[in-house]
Amino acid sequence: MSSHKTTLFEDKLIVVTGAAGFIGSGVVRHLNEMGYKNLVLVDDFKSTQKWKNLVGKDFFEMVSRYDLFDWLEGKERDIAAFIHLGACSDTVETDGDYFMETNYRYSIELAQYALANDHRFIYASSAATYGDGALGFVDDHDRLSTLKPLNMYGFSKHLFDLWAKNEGVLDQIVGLKYFNVFGPNETHKGRMASMVMHMKKAIDTEGVVKLFASNDPENYKDGEQVRDFIYVKDAVKVTCSFLVNDLAGIYNVGTSRPSSWNELATNVFEALGQTPNIQYVPMPVDLSKQYQNYTCADLSKFESNLQKSDLPKIQYHTLKAAVTDYIQNYLIDDNRW
């Protein structure tokens, strides 16, 4: 960590939106471990169980997302940075107006505040902006306008990326396109939680993991469809690295090591000390039309810029090590990170 950045944060606040959520609460944990307690945690707390993710965390203040802009008035000189992770991430949500208000307009207003006051602004985009992946998974700003998201969630994230490009501010802020993140603190996500959590539940109750049979058997055998799975501890490490570097722009957050569903399921069984038992079920027709058989984060821009800036490379967990840590240290006893 460079000395000028350490000084920058000594007497100023870091605002984390979505702080009680999956990645957000991990960011809070990681920042605590880095020695930061000057955190303002923003979320939509209401009646959810997300608050459990914040037990044992150190912070300066908690603020409802609905009160944030009122709270920010007069604090322009008190803040150093925003890590804006708060959003509706339910990919089957159908209320387009809600997505636009929560993921798009709210983000614009927050970004404008940060930019006007020279605050570091790091926000969550999504790999969902890449759509079916036909155009690849390259975080090139020149390709942004060609991307075709498959759902309203991805579209709302894509629109904010386009806003930042069209406003000419991508050289002043950081957008992070998270791929398949999994790990502790996702229990509250329910059906939107990672397949690792759902696989463990299936093994506990039925002793079997059911995967979709291939809809493209010529290129992918059953269960051999692949994803770029990244452990939340690594995703958080990447996210927080932008607090202590000067990089800007949109970056993929993945491992660039795609793994199959079969490999993931096998690792879950082994972490539970059981012999793999995998069955394949037909893929629903409506899902088959928009199913991604392959995702893989292109990290060449991120790694190249780290090298140019003489910054350390990120060390990622292997899939097996990540799944084992998650299941044995968190899922089995319902522990939070």
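Owing to the predicted nature of the structure, the values given are computational and were not obtained by experimental measurement. (Residues numbered from 1 in each chain as written. Predicted model: local features only at pLDDT ≥ 70, side-chain atom pairs only at ≥ 80, totals over all residues. Heavy atoms only, no water.)

Asker: Where do I start with the environment of Gln 274 in this structure?
Answerer: As for its placement among the helices and strands, Gln 274 is situated in the loop between α8 (261–271) and β13 (278–281). The spacing of Gln 274 and Ser 260 is 14 residues in sequence and 19 Å in space, taken between C-alpha atoms. In this view, Gln 274 contacts Ile 203 and Phe 269; residues no more than four positions away in its chain are not counted. (Helix = DSSP H or I, 4+ residues; strand = E, 2+ residues; numbered from the N terminus. Contact = heavy atoms within 4.5 Å.)

Asker: What's the story with the packing of helix α6 (residues 195–206) against α8 in this structure? I'm lost.
Answerer: Any two packed helices are characterised by the angle at which their axes cross and by the distance between the axes. Where α6 contacts α8, the axes come no closer than 10 Å and their chain directions differ by 55°. Considered as vectors, α6 and α8 are oriented oblique to each other. Like other packed secondary-structure pairs, α6 and α8 cross with a definite hand, here right-handed. For the pair formed by α6 and α8, the contact residues are Met 195, Val 196, Met 199, Lys 200 and Ile 203 on the first element and Trp 261, Leu 264, Ala 265, Val 268 and Phe 269 on the second. (Axes fitted to C-alpha atoms, helices over the stretch in contact; angles between N-to-C directions. Parallel < 35°, antiparallel > 145°, perpendicular 65-115°, else oblique. Left-handed = near helix turned anticlockwise from the far one by under 90°.)

Asker: When you look at helix α4 (residues 96–116) in this model, what are you seeing that I'm missing?
Answerer: Along an α-helix, residues three or four apart share an orientation, since each turn contains 3.6 residues. Compared with the 30 Å implied by 1.5 Å per residue over 21 residues, the 29 Å span of α4 between its first and last C-alpha is a close match. Along α4, the sharpest change in direction is near 25° and occurs at Arg 105. Looking at α4, one finds that the buried residues are Phe 99, Met 100, Thr 102, Asn 103, Tyr 104, Tyr 106, Ser 107, Ile 108, Leu 110, Ala 111, Tyr 113 and Ala 114. Those residues of α4 hidden inside the fold are in contact with β1 (13–17), β2 (39–43), α3 (68–72), β4 (79–84), β5 (120–124) and α5 (152–166). (Expected span 1.5 Å × (residues − 1). Bend = angle between axes of the 7 residues up to and from the residue. Buried < 20%, exposed > 50% of the residue type's maximum accessible area, 1.4 Å probe, protein only.)

Asker: Is there a simple way to explain the packing of aromatic side chains in this structure?
Answerer: Each pair of aromatic rings is reported with the distance of its centres and the angle of its planes. What the rule picks out here adds up to 17 aromatic pairs. Centre to centre, the rings of Phe 82 and Phe 121 are 6.4 Å apart; their planes meet at 55°, and the pair counts as tilted. Placement of the pair is Phe 82 in strand β4 and Phe 121 in strand β5, with a sequence separation of 39 residues. Classification of Phe 121 as buried rests on a relative accessible area of 0%. What links up through ring pairs into an aromatic cluster is the set Phe 82, Tyr 113, Phe 121, Tyr 123, Phe 160 and Trp 163. Over the ring of Tyr 106 we find Arg 65; its NZ or CZ atom is 4.5 Å from the centre of that ring. Against the face of Trp 71 rests Lys 75, its NZ or CZ located 4.5 Å from the ring centre. (Phe/Tyr/Trp six-rings, centres within 6.5 Å; stacked < 30°, edge-to-face > 60°. Lys NZ or Arg CZ within 6 Å of the ring centre and 35° of its normal.)

Asker: Would you mind going over the pattern of salt bridges with me for this structure?
Answerer: Oppositely charged side chains are able to pair whenever their charged atoms sit close together. For the structure shown, the criterion picks out 8 salt bridges. Among the ionic pairs, Asp 161 bridges to Lys 177, the shortest N-O distance being 3.9 Å. Of this pair, Asp 161 sits in helix α5 while Lys 177 sits in strand β6 (residues 174–178), and the two are 16 residues apart along the sequence. Take Asp 161: its relative accessible area is 0%, and that puts it in the buried class. Assessed through its relative accessible area of 1%, Lys 177 is described here as buried. (Salt bridge = Lys/Arg side-chain N within 4 Å of Asp/Glu carboxyl O.)

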